[in-house]
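# Coordinate analysis (summary)
Here are the chains, one letter per residue:
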Amino acid sequence: MNSKKNPYLCTQLKNCMIIEYEKDYLEELYNNGKCSNKKYRFQKPIVTKYQKRIDTLMAATRMEDLFVFNSLNFEALDNGYYSIRIDYHYRLEFKIRQKEAEPVLTICTITDITNHYQ
């Protein structure tokens, strides 16, 4: 699990959202811009937008921070999952949980990239 934070987005914020990856290919896409598994290969513009969406999640301090970005099309799904738009066809699915510590930590677990229209 990676909780790497983007230093450019989090320098002014005290509590950035912690990102965890449920699947290895999601972390590999973010860190390397490509995936070694051919099953999870995406076009370069999709990967770039995916990386920007992860950066947006990292910069958020809590789930409510995502509501102000209309372009994300933030929505609640079933069973505690949420999604934001990567582009017109793809969505990023994730879970959010709060870790009761001082200060309260918001942990976002990235679960999958899905084709919204399949």
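For the structure given in this document, a descriptive report is provided here. Quick caveat: nothing in here was measured; it's all calculated off a predicted structure.

Scanning the entire structure with this criterion turns up six salt bridges. The salt bridge partner of Arg62 is Glu64, with a shortest N-O separation of 3.5 Å. Accessibility expressed as a relative area gives 41% for Arg62, which makes it partly exposed. The class of Glu64 is partly exposed, set by a relative accessible area of 35%.

Take the environment of Gln51 next. Take Gln51: it is sitting in helix H3 (residues 44-59). Judged by its relative accessible area of 19%, Gln51 falls in the buried class. Between the alpha carbons of Gln51 and Ile86 there is a distance of 9.2 Å; along the sequence they are 35 residues apart. The contact partners of Gln51, leaving out residues within four places of it in the chain, are Leu29, Tyr30 and Gly33.

What follows concerns the nonpolar core. Counting residues in each nonpolar core, the largest one holds 28 residues, and the members touching the most others are Tyr21, Tyr50, Ile54, Leu57, Leu92, Phe94 and Ile110. Elements with a minimum of two residues in this core: strand E1 (18-21), helix H2 (24-32), H3, strand E3 (81-85), strand E4 (90-99) and strand E5 (105-115). Considering every element that reaches this core, the biggest residue donor is H3, with six residues. Contact partners of Phe94, with chain neighbours within four places excluded, come to Leu57, Leu66, Phe74, Gly80, Tyr81, Tyr82, Ser83, Ile84, Cys108, Thr109, Ile110 and Thr111.

Between H2 and H3, whose axes approach to 9 Å, the crossing angle comes to 95°. Viewed along their axes, H2 and H3 adopt a mutual orientation that is roughly perpendicular. Between H2 and H3, the residues in contact are Leu26, Glu27, Leu29 and Tyr30 and Val47, Tyr50, Gln51, Ile54, Asp55 and Met58, respectively. Along the lines of polarity and charge, the residues of the contact of H2 with H3 split into seven nonpolar, one polar and two charged.

Basis of the calculations
- Residues numbered from 1 in each chain as written.
- Predicted model: local features only at pLDDT ≥ 70, side-chain atom pairs only at ≥ 80, totals over all residues.
- Heavy atoms only, no water.
- Salt bridge = Lys/Arg side-chain N within 4 Å of Asp/Glu carboxyl O.
- Buried < 20%, exposed > 50% of the residue type's maximum accessible area, 1.4 Å probe, protein only.
- Helix = DSSP H or I, 4+ residues; strand = E, 2+ residues; numbered from the N terminus.
- Contact = heavy atoms within 4.5 Å.
- Core = buried A, V, L, I, M, F, W, Y, C linked by side-chain atoms within 4.5 Å.
- Axes fitted to C-alpha atoms, helices over the stretch in contact; angles between N-to-C directions.
- Parallel < 35°, antiparallel > 145°, perpendicular 65-115°, else oblique.
- Nonpolar A, V, L, I, M, F, W, Y, C, P; charged D, E, K, R; others polar.

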